[in-house]
Amino acid sequence: MPDLLLELFSEEIPARMQAKAADDLRRMVTDKLVAEGLVYEGAKAFATPRRLALTVHGIPTRQPDLKEERRGPRVGGPGPAIQGFLKATGLTSISEAKIQSDKKGDFYIALIEKPGRPAIDVIAEMLPVIIRTFPWPKSMRWGARSAKSGSLTWVRPLHAITATFGLETEEPDVVKFAVEGIEAGQTTYGHRFMAPGPISVRRFEDYEAKLLDAKVVVDPERRKDAILTDAKQLAFAQGYELVEDQVLLDEVSGLVEWPVVLMGSFDNEFLSIPDEVIRATIRNNQKCFVVRDPKTGKLANKFILTANIEASDDGKTIIGGNERVIRARLSDAKFFYETDLKTKLESRLPKFEQIVFHEKLGTQAERIKRIERLAAEIASLVGADVEKTKRAAHLAKADLLTEVVGEFPELQGLMGKYYALAQGEDASVAAASEEHWKPQGPTDRAPTDPVSVAVALADKLDTLVGFWAIDGKPTGSKDPYALRRAALGVIRLIVENTLRLPILNTAKSALLGLPAKADAEALPNDLLAFFADRLKVQLRDQGARHDLVDAVFSLGGQDDLLLVVRRVEALGKFLDSDDGKNLLAGTKRASNILAIEEKRDKRTFDGAPDAALYKLDEEKALAKAIAEAKSEASAAVAKEDFAAAMSAMAKLRPAVDAFFDKVKVNDDDPKVRENRLKLLNEIRAATRAVADFSRIEG
């Protein structure tokens, strides 16, 4: 079957937009093909700084023929209805319609046969629409404006469109269409400087090969591999080790069509700056990689750049230009760093009184005071030194006002640690400046130092409680204050450090000092429900079942997240066993019977059963098993031995099975029936010692 080759050749496309643009082009073209009945075999899109390309293979040569029966008005119906039917179906006379009978009478039926169009015609019709409606995040209007369509909105001016369609064994046809005066053809262009001439292409295989000869690597993954491999080899040859940076690699690969890796250097004096500042300076300003000395682990005074040309002087001019810019930028960074060291962190804090954190939550200075107080309370719960924790919370945000962080916001916290150490602060106090921001994502490390943990928890809980108090909680996909991330951070800090932190009481304490007033009972409980949702996400990512979290939280008062996780783990293991599966089935059966009978009687069957009304041995055995299991499970839960609690519940299984096998619940004697329903309710009550089994799926 034929293949489609499409290339949109333009001025430079911003690197940050290329990957999504390639994916959008693939999605838009293939979705439209399928909608038109042209089911393809495969598709792949590519991007370089000056082109978007797409290949779709295995497209049928034409659309399938369409046959459709359309029902019309009743035979003998009104004339206008019949005329409308004829117009809608394309029939010239009602005699061309068939008549179909059913229970309601006789109706006209039109058989519409629509032959499929050649695929190349469908493609020629859809591509201009896709190009004109392409969803660039930012675009410019260009080209001659017309009254009909206006000028084209595109990320950068288009120069050429390549579009061919045909079988691999034949000469492909050009897909005939034009956009803003640019006619589609089979001509593209090579590298802007090294091979700028026109290139005639037929299909993707020779398109890719000819562009490679013209110094253009079409596949971005291939460019990334080339840059990374060459950079590692160049660093190794000089006795260094490349500091890998995937985000920078993605960006650099979008800046070049023919990557050429070169190494430059900077003055040794700049190595007195922290490594992270050097890296941020070189990365942000010149999009270059840094290297380290493998013997010391410290950065070397070298950098690696990626050029887009094979220069005649082996890149000396390019290297020299980058060295001049980097020298100037590192001079600025060194000045900022040395200036920052002259001012103590606490001397910067008064400025926070003039900086508003949020109009409803006060200034940054007020927020720091809240974090200090809350961190001191949490310190005793996590084994942290209270005075060190208060000092750490006092200084943690101070580096936000430094020159280096102003220039490189991504270094917030880290610079605070460096400045704190430089002014003689305790190592734990200094570390908290960096670590209280953590963890910032699933791959980020959670701090373990007790002082850092206390400050991090206080910071995140103050944020959560504050925005809950002003009704700034996340809605749908919107989370402008990153509260979901803050909640997941709290969960990880607690679970990974095995901390016993009562969320409800801590949230109530965090409410104190807030300028915004909130319900001290409703807010913590609402926030706890939010933590339950986040915990479900966390455990689901680890392979646990979300319904087990619901089963534990629904018991009420479960605000010790560490114990919730332990309960969920024990419950999951129990339900994977035969005893667990069968007990769950029996419990659900009891709950279903109770629900039906409670609805019918319009009452509940609470209260202890009357042992005198037991008629059968199975009733007595179940009652005894429930009493023993409830006692053992409650004692095990009190000791936080949830595995033992599950084992106690497992002892219910044979008695429950025997009860349902031998006992008729709805006995003819009303008193016996009520007593047996109360016994079923005891099963439900007993299992609630470990979880609400009614919330468990399956």
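Residues numbered from 1 in each chain as written. Predicted model: local features only at pLDDT ≥ 70, side-chain atom pairs only at ≥ 80, totals over all residues. Heavy atoms only, no water.

Below, the discussion takes up helix H23 (residues 642-650). Residues of H23 that are buried include every one of Phe642, Ala645, Met646, Ala648, Met649 and Ala650, and no others. Its buried side turned inward, H23 meets helix H20 (561-575), helix H21 (578-601), helix H22 (617-638), helix H24 (652-662) and helix H25 (670-687). (Buried < 20%, exposed > 50% of the residue type's maximum accessible area, 1.4 Å probe, protein only. Helix = DSSP H or I, 4+ residues; strand = E, 2+ residues; numbered from the N terminus. Contact = heavy atoms within 4.5 Å.)

Averaged over the protein, the pLDDT score is 92; the fraction of residues at 70 or greater is 99%. This stretch, residues 145-149, has a pLDDT under 50; its non-local contacts, to residues over four places away or in other chains, come to four contacts. (pLDDT = per-residue confidence, 0-100.)

A word on the packing of helix H8 (residues 316-341) against helix H13 (residues 414-422). At a closest axis distance of 10 Å, the pairing of H8 and H13 adopts a crossing angle of 50°. One element, H8, and the other, H13, form an angle in the oblique class. Crossing handedness for the pair H8 and H13: right-handed. Mapping the contact onto sequence places Tyr337, Asp340 and Leu341 in H8 and Met415, Tyr419 and Ala422 in H13. Tallied by class, residues from the contact of H8 with H13 come to five nonpolar, no polar and one charged. (Axes fitted to C-alpha atoms, helices over the stretch in contact; angles between N-to-C directions. Parallel < 35°, antiparallel > 145°, perpendicular 65-115°, else oblique. Left-handed = near helix turned anticlockwise from the far one by under 90°. Nonpolar A, V, L, I, M, F, W, Y, C, P; charged D, E, K, R; others polar.)

To continue, consider the sheet that holds strand E16 (residues 260-265). Spatially, four strands are ordered E15-E17-E18-E16 in an open sheet, and the strand pairing comes out antiparallel. Each having just a single partner strand, strand E15 (241-242) and E16 make up the two edges of the open sheet. The pairing of strand E17 (residues 289-292) with strand E18 (residues 299-307) spans three bridges and is antiparallel. Considered in E18, the bridge of Arg292 is made with Leu299. Together, E15, E16, E17 and E18 form the strand contacts of helix H5 (residues 220-237), whose direction differs from that of E16 by roughly 40°. (Pairing = 2+ DSSP bridges.)

Our next topic: empty space enclosed by the protein. Evaluated as defined, the whole model comprises two cavities of 30 Å³ or more. Estimates place the volume of the largest cavity at around 50 Å³. Elements with a contribution of two residues or more to the lining of the largest cavity: strand E1 (3-10) and strand E9 (158-166). Among the elements that take part in the lining of the largest cavity, E1 stands out by supplying three residues, more than any other. A per-class count over the lining of the largest cavity returns four nonpolar, three polar and three charged. The volume enclosed by the second largest cavity comes to roughly 30 Å³. Lining of the second largest cavity is provided by Val243, Asp245, Leu248, Arg279, Arg283, Cys288, Phe289 and Val290. Along the lines of polarity and charge, the residues of the lining of the second largest cavity split into five nonpolar, no polar and three charged. (1 Å grid on protein atoms, 1.4 Å probe; cavity = no way out; pocket = protein on both sides within 12 Å on 5 of 7 lines; lining within 4 Å. Points joined across faces, edges and corners; volume = space filled by probe spheres on them.)

Burial analysis of E9 places eight of its nine residues in the buried class, which makes it a mostly covered element. Of the pairings in the sheet, the one linking E1 to E9 comprises eight bridges and is antiparallel in character. Directly across from Leu8, in E9, lies its bridge partner Ile161. Relative to strand E10 (residues 173-174), E9 is paired through two bridges, and the arrangement is antiparallel. Bridging across to E10, Phe165 finds its partner in Asp173. Once E9 ends, the chain turns through six residues before running back antiparallel as E10.

This part takes up the nonpolar core. Grouped together as the largest cluster of nonpolar side chains are 144 residues, with contacts concentrated most on Leu457, Leu464, Phe531 and Leu571. Per-element accounting of this core gives the leading share, 13 residues, to helix H15 (residues 450-469). Setting aside anything within four residues of it in sequence, one finds Leu571 in contact with Leu548, Ala551, Met646, Ala691, Phe693 and Ile696. Core analysis: the second largest hydrophobic core is formed by 41 residues, Ile13, Trp142, Val175 and Ala184 among them. (Core = buried A, V, L, I, M, F, W, Y, C linked by side-chain atoms within 4.5 Å.)

Before going further, it helps to spend a moment on the sheet that holds strand E5 (residues 98-102). Read from one edge to the other, the open sheet built from three strands follows the order E4-E6-E5, with strand pairing classed as antiparallel. Here the strands that pair on one side only, and so sit at the sheet edges, are strand E4 (66-74) and E5. Neighbour to neighbour, the strand axes of the sheet diverge by 35° on average, direction disregarded. The pairing of E5 with strand E6 (residues 105-114) spans five bridges and is antiparallel. Residue pairing in the sheet places Gln100 in a bridge with Phe107 of E6. Sitting on the sheet, helix H2 (residues 79-89) touches E4 and E6, and the angle it makes with E4 is about 170°.

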